[in-house]
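# Structural features, examined
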Amino acid sequence: MVKLFKRVPAQVQGLRGLTKLFESFNFKDFGDYAKKLRLGLKLSQGNVARMSGLSVDTLRRIEQGKVIARFDTLIILSEVYKTDLIDAYKNYSSSSILMRYYARLDKLIAMYNEETLINLRKDYEQFGKLHDNEPPIAYNSKKQFLLILDGLSEYYKGNLKKSRSLYVESMHLSNPLFSLQNYIDFQYTVLEKRILLLIALSFSDDHDLLFANHLLEHLLDSLSLNQYTSFNEKILAIKIIANISYNYHTLYEDEKALDYANRGIDFCINNHITYALANLLARKGVAQHFLKDPNCKDTLQQAVNLMIIENNHALAKKYIEITKEKYGIQLQ
């Protein structure tokens, strides 16, 4: 959701942070992968047993998908197979697959398209059918994702209150005590953080910008941003920062808008990410304009230049037009 330059007038312990995404592990596929690695090195199970100290029976059971390999076993086999099996192991869990759906959800949030939503729903429902025998939490997780898609559909139809009710309903599946009054009392899973972001966006569009920013700032503070943070979570952080900056711009709080824009720009640069960097530069340039900073035109031109480099010529043209129309600044 790229916003431009528009302004409008000024629980119980044990339920908190303990919600677990449903997860299963595809032992068979991992076993096939391990066998393929072994055969690629032209090693027999006996060869590997002698090189690793593991028993042939252990290797056979792993390759047949009958057991889950222990952490120390993966370390030993990583040496023999010349492959990081610990990292590869993650690709065979349902949570890894879920992250791919969350990434698609992120793209849908940023750039809505009805056909994209329909395809995502279809693919996710097909994925859910593969896990029909999971325990109840699996059912809740599946339903939660689909409710989010319903909420997005209502959001883009302009039915903001309906979309919020669907988001809150989806949150209740994993956080039964959640409400918009006690949201600070909880820790949130990867998916729940996206629900909270969507709730905040609906409040922004409903012109309740202060509450939206309270939600967004709490969500930003809840993220553990360090060298181990996943790329998806870094993108989430950038989205949050960009929206906070925009909301402060809309509230005529230009110093705060500038502060968050700079924070987002620094985060992008330090993490070598260009996602939303042009938008953040534009946010910074507009804030500088209202704060009478003579560098505002240079910053806005940097934003446009970056859009052109990224082959986003249509957006660059739109920014040039808006900047001239609203602020009397001519960009190239």
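- The name given to the protein in an unreviewed UniProt entry is Transcriptional regulator, with Isachenkonia alkalipeptolytica as the source organism.

## A closer look at the overall build of the protein
- The number of helices and strands found in the protein is 16 helices and zero strands.
- Looking at the protein as shown, the accessible area adds up to about 17100 Å², and 53% of this sits on carbon and sulfur atoms.

## Notes on the environment of G31
- With respect to the helices, strands and loops of the structure, G31 is situated in helix α1 (residues 27-40).
- A residue is classified by how much of its surface remains accessible, and G31, at 0% relative accessible area, is buried.
- If sequence neighbours within four positions are ignored, G31 has contacts with I62 and E63.

## Regarding the packing of helix α3 (residues 56-63) against helix α4 (residues 71-81)
- Packing of α3 against α4 leaves a shortest axis separation of 13 Å and a crossing angle of 90°. Our classification of the angle between α3 and α4 gives roughly perpendicular. Residues L59, I62 and E63 of α3 form the contact with α4, whose participating residues are T73, L77 and Y81.
- Broken down by class, the residue content of the contact of α3 with α4 amounts to four nonpolar, one polar and one charged.

## Side note on the packing of aromatic side chains
- Counted according to the given criterion, the structure contains 14 aromatic pairs.
- Geometrically, the ring pair formed by Y248 and Y260 is stacked, given 6.0 Å between the ring centres and 25° between the ring planes. Of the two residues, Y248 sits in helix α12 (residues 231-250) while Y260 sits in helix α13 (residues 254-270), which places them 12 residues apart along the sequence.
- Its relative accessible area of 7% is what places Y248 among the buried residues.
- Of the residues examined, Y260 reaches a relative accessible area of 12% and is grouped as buried.
- When the ring centre of F203 is taken as reference, the NZ or CZ atom of R164 above it lies at 4.2 Å.

## Some details on the nonpolar core
- Of all hydrophobic cores here, the largest spans 77 residues; its most connected members are F145, F178 and I240.
- Not counting the four nearest positions on each side in its chain, F178 is found in contact with V168, M171, H172, Y183, F186, Y188, L196 and I199.
- One finds F30, L54, L85 and Y92 within the second-largest nonpolar core, a separate group that totals 16 residues.

## Topic: the environment of I199
- Looking at the secondary structure, you find I199 in helix α10 (residues 190-205).
- Measuring from C-alpha to C-alpha, the distance between I199 and S165 comes to 9.1 Å, with 34 residues separating the pair along the chain.
- Discounting residues that sit within four places of it in the chain, I199 has contacts with R164, Y167, V168, F178, L180 and L215.

## Some points on α1
- Helix length check: α1, at 14 residues, gives a terminal C-alpha distance of 20 Å against a target of 20 Å (1.5 Å per residue), a fit within 8%.
- The set of residues buried in α1 consists of F30, G31, A34, L37 and R38. The buried residues of α1 occupy one face: seen down the axis, they fall within an arc of 120°. In this structure, α1 carries K36 and G40 as exposed residues pointing more than 90 degrees from its buried face.
- Buried residues in α1 make contact with α2 (45-52), α3, α4 and α5 (85-89).
- Just beyond α1, the residue with positive phi is K42, at close to 60°.

Cut-offs used in this document
- Residues numbered from 1 in each chain as written.
- Predicted model: local features only at pLDDT ≥ 70, side-chain atom pairs only at ≥ 80, totals over all residues.
- Heavy atoms only, no water.
- Helix = DSSP H or I, 4+ residues; strand = E, 2+ residues; numbered from the N terminus.
- Areas by Shrake-Rupley, 256 points an atom, 1.4 Å probe, with all protein chains shown as cover.
- Buried < 20%, exposed > 50% of the residue type's maximum accessible area, 1.4 Å probe, protein only.
- Contact = heavy atoms within 4.5 Å.
- Axes fitted to C-alpha atoms, helices over the stretch in contact; angles between N-to-C directions.
- Parallel < 35°, antiparallel > 145°, perpendicular 65-115°, else oblique.
- Nonpolar A, V, L, I, M, F, W, Y, C, P; charged D, E, K, R; others polar.
- Phe/Tyr/Trp six-rings, centres within 6.5 Å; stacked < 30°, edge-to-face > 60°.
- Lys NZ or Arg CZ within 6 Å of the ring centre and 35° of its normal.
- Core = buried A, V, L, I, M, F, W, Y, C linked by side-chain atoms within 4.5 Å.
- Expected span 1.5 Å × (residues − 1).
- Arc of directions from axis to C-beta.

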